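In case you want the letters, here they are:
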Amino acid sequence: MPFGLKNAGATYTRMVARLIKDLIGKSMEAYVDDMLVKSREETDHAKDLADCFSVMRKYNLRLNSKKCAFAVRGGKFLGYMVTWRGFDPNPEKEEVLVCVGNTHEAFKVTEDPPRQFPPALKDCGRIVANQEGAKWEIEEMPSGRVMGDMLILPDGNVLIINGAQKGTSAWDAAEEPNFTPVLYSPDKPKGERFTELTPTKIARMYHSTSAVLPDAKILVAGSNTHVSYDMKAKYPTDMRVEKFSPPYLAPALQKFRPQIVENLSQKELVYGKNFNIHFKLDDAADMSSIKVTMYPPPFTTHGYSEGQRMLILGLTSVAKDTISAVAPSSGKLAPRGYYLIFVVHRGVPNKGLWVHIK
């Protein structure tokens with residue numbers, strides 16, 4: 001098959017999925033021309049390999065011996081670590097992202113007369129936390145921000161919203177609200193990761209809050225920089241609620257938005273086990289254009305969203321209307337409880353599906 005053609009990869013993936021359909025999710029996983037034979041018991045591995053070779057002989061497929069590895073207890077496959085527990089994230093690169101804030105002295109100068117409100121920091125740093133000798137990679141944001149909130153979006157990007165451009169977090173200790181949300185895209189090249197989004201007209205400073213909703217929009221509410229409610233202050237106590245739509249909800253992208261068929265999809269997940277998601281989509285989809293993310297909505301206080309984590313799940317197959325995904329391998333990655341599952345197609349997430357894992 002000539003791989004220069006636009007749809008060659010998707011066609012080849014579908015072909016391989018059909019050839020080994022009886023083994024996928026049991027003793028084999030595959031993506032395009034990457035194949036994995038797995039066995040729960042060492043005594044079963046010879047038989048599982050024989051089943052794989054039997055299919056390959058039947059359909060006249062060939063292996064590149066230089067790219068084969070046999071009898072391994074774990075290894076990388078499609079960016080994940082495959083072990084006896086199942087699929088784990090690749091531990092080689094665990095990154096930490098820290099953005100905005102102010103200096104150590106900022107709190108003191110805002111409290112003591114004559115009060116000053118130093119500009120908030122504009123830097124944003126990321127570091128590979130589990131790499132010896134790693135150094136911070138620093139970038140500058142479009143504007144300074146203190147008391148902002150950071151939310152992981154269903155597509156894996158980060159939304160930075162709310163806050164002020166001067167001062168610090170404390171009663172009446174900030175000035176110049178930052179009305180403009182910023183989108184941080186971690187996979188883009190340095191210098192291209194920040195995008196300013198549509199600004200609000202409401203000052204959301206101390207005690208504001210935001211949350212990701214099941215429909216992939218953002219709920220934004222509240223603001224109070226005072227000891228008690230003050231509706232006549234320069235920045236009055238605000239109880240209004242807004243809904244913010246990230247760029248992936250633009251009307252032009254709705255043709256790419258999947259729709260999960262809830263009554264046919266599995267909602268009870270078991271650690272390390274495959275589960276099926278049934279969906280509808282007007283556009284063609286394959287494993288190269290689909291991503292499944294798993295997100296526990298956090299609780300937010302004082303401009304800080306706690307308990308956030310975003311898991312990108314391993315996929316074993318993507319058919320016309322069904323996705324077979326692999327649940328997290330243990331409670332270390334996803335503690336027992338309720339999560340939102342998002343199917344992200346070409347960067348556009350569906351309305352989330354509530355699932356429970358145990």
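First, a word on scope: everything that follows refers to the structure included in this document. If you're wondering where the values come from, they're calculated on a predicted model, not measured in any experiment.

Some thoughts on the nonpolar core
Alright, step 1. Judged by nonpolar contacts, the single largest core of 25 residues is most densely connected at Phe275, Ile277, Ile290, Val292, Met294, Ile323 and Ile341.
Alright, step 2. When neighbours within four sequence positions are excluded, Ile323 is seen to be in contact with Phe275, Asn276, Ile277, Phe279, Ile290, Val292, Leu315, Ser317, Val318 and Val343.

Some words on a nonpolar patch on the surface
Alright, step 1. On the surface, Val96, Val98, Trp136 and Ile138 cluster together to form a nonpolar patch covering roughly 360 Å² of accessible area.
Alright, step 2. Structurally, Trp136 is set in the loop between strand E7 (123-128) and strand E8 (137-140).

Re the pairing of strand E9 (residues 149-152)
Alright, step 1. Of the two faces of E9, only the one carrying Asp149 and Leu151 is buried; Met150 and Ile152 on the other face are not.
Alright, step 2. Relative to strand E10 (residues 158-161), E9 is paired through 4 bridges, and the arrangement is antiparallel. Counted as the bridge partner of Met150 is Ile160 from E10.
Alright, step 3. Between E9 and the antiparallel strand that follows it, E10, lie 5 residues; Gly156 among them carries a positive phi value of about 95°.

Details of helix H2 (residues 45-58)
Alright, step 1. Helix length check: H2, at 14 residues, gives a terminal C-alpha distance of 20 Å against a target of 20 Å (1.5 Å per residue), a fit within 8%.
Alright, step 2. Burial in H2 covers these residues: Asp48, Leu49, Cys52, Val55 and Met56. Projected down its long axis, H2 carries its buried residues within an arc of 120°, all on one side. Opposite the buried face of H2, by more than 90 degrees, sit the exposed residues Ala46, Lys47, Arg57 and Lys58.

Description of the sheet that holds strand E26 (residues 322-326)
Alright, step 1. What the 4 strands build is an open sheet, ordered E18-E20-E26-E25; its pairing is antiparallel. With partners counted over all chains shown, the strands left at the sheet margins are strand E18 (259-260) and strand E25 (314-318), one partner each.
Alright, step 2. Summarising the sheet, E18 and strand E20 (residues 274-280) pair through 2 bridges and their orientation is antiparallel. The residue of E20 that forms the bridge with Ile260 is Phe279.

A closer look at the pattern of salt bridges
Alright, step 1. Overall, the coordinates contain 11 salt bridges when judged by the stated rule.
Alright, step 2. Here Lys21 makes a salt bridge to Asp22, at a shortest N to O gap of 3.6 Å. You'll find Lys21 and Asp22 in the same group, each marked exposed.
Alright, step 3. One salt bridge connects Asp238 with Arg240, and the closest N-O pair in it is separated by 2.6 Å.
Alright, step 4. One connected set of salt bridges, linked through shared partners, spans Glu137, Glu139 and Arg193.

Considering the environment of Phe107
Alright, step 1. Looking at where Phe107 falls in the secondary structure, it is placed in helix H3 (residues 106-111).
Alright, step 2. For the pair Phe107 and Phe117, spaced 10 residues apart in the sequence, the C-alpha separation amounts to 8.9 Å.
Alright, step 3. If we ignore the near neighbours within four places in the chain, the residues touching Phe107 are Thr168, Ser169 and Ala170.

Topic: the state of the cysteines
Alright, step 1. Within the structure shown, the criterion is met by 1 disulfide.
Alright, step 2. The disulfide partner of Cys99 is Cys124, and the S-S distance across this bridge is 1.7 Å. Linking Cys99 in strand E6 (residues 95-99) with Cys124 in strand E7, this pair joins segments that are 25 residues apart in sequence. Neither residue differs from the other here; Cys99 and Cys124 are each classed as buried.
Alright, step 3. Cys68 supplies the cysteine sulfur nearest to Cys52, a cysteine that is in no disulfide, at a spacing of 9.1 Å.
Alright, step 4. Given a relative accessible area of 28%, Cys68 falls into the partly exposed group.

As for the pairing of strand E15 (residues 209-212)
Alright, step 1. Of the two faces of E15, only one is covered, namely that formed by Ser210 and Val212; the face formed by Thr209 and Ala211 stays uncovered.
Alright, step 2. Bridging between E15 and strand E16 (residues 218-223) involves 4 bridges; their strand directions are antiparallel. The residue bridging Val212 from the neighbouring strand is Ile218, located in E16.
Alright, step 3. A loop of 5 residues connects E15 with E16, the two strands running antiparallel in sequence, and Ala216 in this loop sits at a positive phi of about 75°.

Calculation rules
All residue numbers refer to position in the chain's written sequence, counted from 1. The predicted nature of this model means local features are confined to residues of pLDDT at least 70 and side-chain atom pairs, given and counted, to a pLDDT of 80 or more, with totals for whole chains, interfaces and linings taken over all residues. Side-chain metrics rest on all non-hydrogen atoms present in the structure, leaving aside hydrogens and water. For the purposes of this section, nonpolar cores are sets of buried Ala, Val, Leu, Ile, Met, Phe, Trp, Tyr and Cys residues that join through side-chain atoms within 4.5 Å. The rule is simple: take the accessible area with a 1.4 Å probe, protein chains only, and divide by the maximum for that residue type; under 20% is buried, over 50% is exposed, in between is partly exposed. Should any heavy atoms of two residues lie within 4.5 Å, those residues are considered in contact. Patches in this entry comprise residues that are over 30% relatively accessible and not in a salt bridge; like charges within 9 Å are linked, as are nonpolar side chains (Val, Leu, Ile, Met, Phe, Trp, Tyr) within 5 Å. Per-residue and other accessible areas were derived by the Shrake-Rupley procedure at a 1.4 Å probe size, with only the shown protein chains allowed to occlude residues. By definition, a salt bridge exists where a carboxyl oxygen of Asp or Glu is found within 4 Å of a side-chain nitrogen of Lys or Arg. For helices the rule is a DSSP run of H or I covering at least 4 residues; for strands it is a run of E covering at least 2, with both sets numbered from the N terminus onward. Two strands pair if DSSP finds at least two bridges between them. Expected span of a helix: the number of residues minus one, times 1.5 Å. The directions considered for the arc are those from the helix axis to the C-beta atoms. Only a pair of cysteine sulfur atoms within 2.5 Å counts as a disulfide in this structure description.

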